[in-house]
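# Close look at the chain arrangement
So you can see what is in the structure, the chains are spelled out below.
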Amino acid sequence: MDFFCYFILSIVVLFSSSSVLAEKTVEKCQFKDTVDLSDLLPLDNGSYIYHNVTIPKTKVATYNYTLGFGYVRHQAKSHLRGCVCGISQKCVKLCCKHGQYYNEETFECEKVPLHLNKPEDIDIAMEGGGNIKNVNIFKYFVPQVGKPCKYLESLTMEDDIWELQENGEIRVDISGRHEYLDTLNYCLSPYRYEGSNVNVLVPLVCPEKYEESIGFTATNYAMAISVLFLIPVVLIYLSVQELRENMQGKIMICYLVALMGGYSILSIINISELVFSPVECAFLGFSAYFCLIGSFLWLGVLYFDIWRNSYDFAEKILRKRFIIYSLYAWGIAALLTGLTMWAQWTKIVPKIYKPGVGYNFCWIDTFKWAATIYYYGPYAAITIWNFATLLLLCLRRKQSETSGLAVPILFFTLGFLWTLDIVSYCLRDLHYADNLFMVTDVCFALQGVWMFMILVLRPRILAAIKKR
């Protein structure tokens, strides 16, 4: 039996090695220097003519994959590709065929309207520095056709500084540094600026994604772990009568459910390998936003309710009070979510001030300072409110057993870590502090674990669970 297993394994390894070797032998040049020859017929000698460039038979090979944005490899049906770009021929990438443009709303190539021009000229930066030359891309370059990804965004001079280089690469200025994109990572398309009747060529790129650093990955998995611990906490609060029937228990349940919802959605977005359409991405992002803003507000409600009780106000109409609390927390969360959705989709708000949900990201684009308006601004305001209420509670020092528990837990685990989260956003460009904030971000993401340890692992709660 062992011999049979080893024999099968050897055959698999040999086959895999042969496939890799075969794949390497057929490639005549780098993928980015090739064009798809599927729609062309060969000449009698086996060569091909592509945009007045002759591709000899020796430069034609069979490929069973394609490369996209970020050099990600995608399996594809076997097809012929020819080497056309190199030292003598420079290539440029077009999103669509000549006479078409990329529609950023439908994400498809469409014909340029008859009343608009089909641009062919573009400025390029010559090697050696400084000199700018206007050229016809179809005469100066060999055009490749294809999109680096399905959902593209334009780099307009209104918001982005870019320059086409003589070698066919795009130089983009980002946060004071230069990034160079080759033909696998951009494409050109006709674009009409607002108020203009003339199309010009602009590059389109795939929306940036969060860099999956160790800290980013650890934080995402910490949120997923938190969800696993929040589930039993919520179930215990729902099942134990003395917890679910008092006001602070009800508020705590709302807070935990909102937090669990936000963390669950963010975990799905960042950990799963699923690819979301812009509509799906927006739905998930705004849902997570609503849940997390709601959790912040419910925590403030909890502090406020403890503060009211600490002044011995009579608690006569619990249902009415809880309805008021619910209208406040869920209502403000819904209002902020609606305003954020409006800012993302309206044409009134400039691109640099948009939150980025459902377009660049499935979450608030925290790489931009605009995130202060939509997330960290309300976040900071609610945190200040919570700190103020906590301060009143600490000065009063007349708390029930529940409030005595809630204050130190939520003050230390959330209040302190919330502050560090805001600070880490403000200092996100200081890379030497990344390791420090990675630790605080992971601790903040693990708040479900802290909640379980302190809210559930108490003698009184454990006794109530056993009694039930």
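These notes cover the structure that comes with them. (Residues numbered from 1 in each chain as written. Predicted model: local features only at pLDDT ≥ 70, side-chain atom pairs only at ≥ 80, totals over all residues. Heavy atoms only, no water.)

So, on to the pairing of strand E5 (residues 73-83). With three bridges connecting them, strand E1 (residues 34-36) and E5 associate as antiparallel partners. Of the residues in E5, the one forming a bridge with Thr34 is Cys83. Of the pairings in the sheet, the one linking strand E4 (residues 60-67) to E5 comprises seven bridges and is antiparallel in character. In the strand pairing of E5, Thr66 is matched with His74. In sequence, E4 turns back onto E5 through a hairpin of five residues, with Gly70 there showing a positive phi of about 70°. (Pairing = 2+ DSSP bridges. Helix = DSSP H or I, 4+ residues; strand = E, 2+ residues; numbered from the N terminus.)

Let's shift gears to empty space enclosed by the protein. Under the definition given, this model contains two cavities of 30 Å³ or more. Here the lining of the largest cavity is composed, by residue class, of 11 nonpolar, four polar and two charged. (1 Å grid on protein atoms, 1.4 Å probe; cavity = no way out; pocket = protein on both sides within 12 Å on 5 of 7 lines; lining within 4 Å. Points joined across faces, edges and corners; volume = space filled by probe spheres on them. Nonpolar A, V, L, I, M, F, W, Y, C, P; charged D, E, K, R; others polar.)

Here, the word disulfide means a covalent bond between the sulfur atoms of two cysteines. Evaluation of the coordinates by the stated rule reveals six disulfides. Disulfide pairing places Cys29 opposite Cys83 at an S-S distance of 2.1 Å. Where Cys29 bonds to Cys83 through sulfur, the torsion about that S-S bond is close to -105°, and the disulfide is left-handed. Of the two residues, Cys29 sits in the loop between helix H1 (2-26) and E1 while Cys83 sits in strand E5, which places them 54 residues apart along the sequence. (Disulfide = S-S within 2.5 Å.)

Of note in the backbone geometry, His51 takes a positive phi value of approximately 50° without being a glycine. Following the sequence through the fold, His51 ends up in the loop between strand E2 (48-50) and strand E3 (53-55). With phi around 65°, Asn52 is a residue other than glycine that occupies positive phi space. Following the sequence through the fold, Asn52 ends up in the loop between E2 and E3. For Asn52, a relative accessible area of 78% gives the class exposed. (Buried < 20%, exposed > 50% of the residue type's maximum accessible area, 1.4 Å probe, protein only.)

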